Amino acid sequence: MREVDILVIGAGPGGMSAAQYAARAGYSTLVLDPMGPGGQLLYIDEIENYPGLGKTSGYVLSEAMENQCKEFGVEIEYDEATKIEKKENRFLVTSSYSEIEAKAVILATGASHRHIGAKGEEEYSGKGVSYCATCDGPFFRGQKVVVVGGGDTALTDAIYLSKLCKDVVVIHRREAFRAQKALQEKIKDIPNISTVMGRNVVEIKGNGTKVESVILDDGKEIETNGVFVFVGTVPNSKIVEGLVETDNGFVLTDEKMNTTLSGLYAVGDVRNTSFRQVVTATGDGAKAAHSADEYIQENNL
Ligand code: NAP
């Protein structure tokens, strides 16, 4: 059994921020993530609203956060936490490779890409259906793609794809976008982005090896080489099911990142919050580490 003061589950921006604050406050801090450091940062081609950095890439920001963590002595391991139990004043966490005892646990497991549930979506996943523009956009250079969704991710990534692809058609289920006004204005000025509003994609068709078209709920068929699905996320909160209160799977916290189980905190996209940004996740991480510090001291752990 390994012992640490603070165990952080998830190495996205929220988890790395929490870990850095915890280690800097003098606590032995371990971060587990089966995918290693970065989380959703690794899907961001360009980020321009993280304070103080101007334009940078998610990868560069992730590497900087990882280095800062390591400078303060944080250990980051490629490992998946599978079970959390609380016994008296200690958390017992089982992972794929070990068992860890911790005084406090910070859950930073983020969220995964939601699927639209259209016929053919699973069949053509990786054969033209993608959930990541920066990963797969370059495969569609000079071709036509469809983007499904109406939030910030859909429009940000449509703009990214418009620089690579011949045509980008954004299909959104409502008549109005949810995305920030600035992005809505920006896409109007990009000649190779067009929009189809008030329509759902009900089927993705192809020749068995690659996508050829999408069918809309009015029966219309749009030819395309690729389908990028950006319809939000679902929280990765299975590990705390039955342990803390959630709302649609999102972990409920107060403003100090306390969950309903003392000593367990949740930060970033896995928690119930209305605004999900890199900067809000890192802010959550700092608050959770501070709350864990108070909890450990107040309980003489
Ligand atoms: P989101 O804001 O939840 O938007 C999801 C979009 O997908 C909505 O337009 C929604 O439609 C649509 N949708 C949901 N389920 C669908 C379905 N089954 N079929 C068709 N469409 C569906 O998700 P997001 O765009 O990924 O953004 C997540 C968070 O990250 C947000 O807080 C966002 O602000 C943030 N973000 C910020 C930036 C930035 O600041 N540059 C960039 C990317 C993301 P409705 O509108 O009808 O609900």
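Structure: above.
Here the structure is a predicted model, which means the values were calculated and not measured.

Enquirer: For this particular structure, what's the right way to read the site of the ligand?
Expert: Taken together, 19 residues lie around the ligand, and Asp152, Thr153, Arg174, Arg178 and Arg276 are the ones closest in. Here an oxygen atom of the ligand sits 2.7 Å away from a polar atom, N or O, in the side chain of Arg174. Contact between the ligand and Arg178: an oxygen atom at 2.5 Å from a side-chain N or O atom of the residue. Contact with the protein chains hides 78% of the accessible area of the ligand, taken as 920 Å² for the molecule alone. Among the elements that line the shell around the ligand, the one with the most residues is helix H4 (residues 152–162), at 3 residues.

Enquirer: When you look at H4 in this model, what are you seeing that I'm missing?
Expert: At 3.6 residues per turn, the α-helix brings residues three or four places apart onto the same side. When you tally the buried positions in H4, you get 8 out of 11 residues, the bulk of the element. Looking only at H4, the buried set comprises Ala154, Leu155, Asp157, Ala158, Ile159, Tyr160, Leu161 and Ser162. Elements in contact with the buried residues of H4: helix H3 (133–136), strand S9 (144–148), strand S10 (167–172), helix H5 (181–188), strand S11 (193–197) and strand S15 (226–229).

Enquirer: Would you take a moment to explain the sheet that holds S11 for this structure?
Expert: By definition, the strands of a sheet pair up through backbone hydrogen bonds, in either a parallel or an antiparallel sense. Spatially, S8-S15-S9-S10-S11 is the arrangement adopted by the 5 strands of the open sheet, whose pairing is parallel. Every other strand in the sheet has two partners, leaving strand S8 (129–130) and S11 as the edge strands with one partner each. Bridge count between S9 and S10: 5 bridges; the pairing is parallel. Each bridged residue has a counterpart across the sheet, and for Val147 the counterpart in S10 is Val170.

Enquirer: Looking at this structure, I do not really get the packing of aromatic side chains. What am I missing?
Expert: Two aromatic rings are characterised by how far apart their centres lie and by the angle between their planes. A full pass over the atoms with the stated rule returns 2 aromatic pairs. Relative to Phe228, the ring of Phe140 has its centre 5.5 Å away and its plane inclined at 75°; by these criteria the two rings are edge-to-face. Linking Phe140 in the loop between H3 and S9 with Phe228 in strand S15, this pair joins segments that are 88 residues apart in sequence. When its relative accessible area of 9% is taken as the criterion, Phe140 is described as buried. What makes Phe228 buried here is its relative accessible area of 0%.

Thresholds, definitions, all that
Residues numbered from 1 in each chain as written. Predicted model: local features only at pLDDT ≥ 70, side-chain atom pairs only at ≥ 80, totals over all residues. Heavy atoms only, no water. Near = heavy atom within 4 Å. Polar contact = N/O pair within 3.5 Å; in protein donor to acceptor, adjacent residues only side chain to side chain. Areas by Shrake-Rupley, 256 points an atom, 1.4 Å probe, with all protein chains shown as cover. Helix = DSSP H or I, 4+ residues; strand = E, 2+ residues; numbered from the N terminus. Buried < 20%, exposed > 50% of the residue type's maximum accessible area, 1.4 Å probe, protein only. Contact = heavy atoms within 4.5 Å. Pairing = 2+ DSSP bridges. Phe/Tyr/Trp six-rings, centres within 6.5 Å; stacked < 30°, edge-to-face > 60°.

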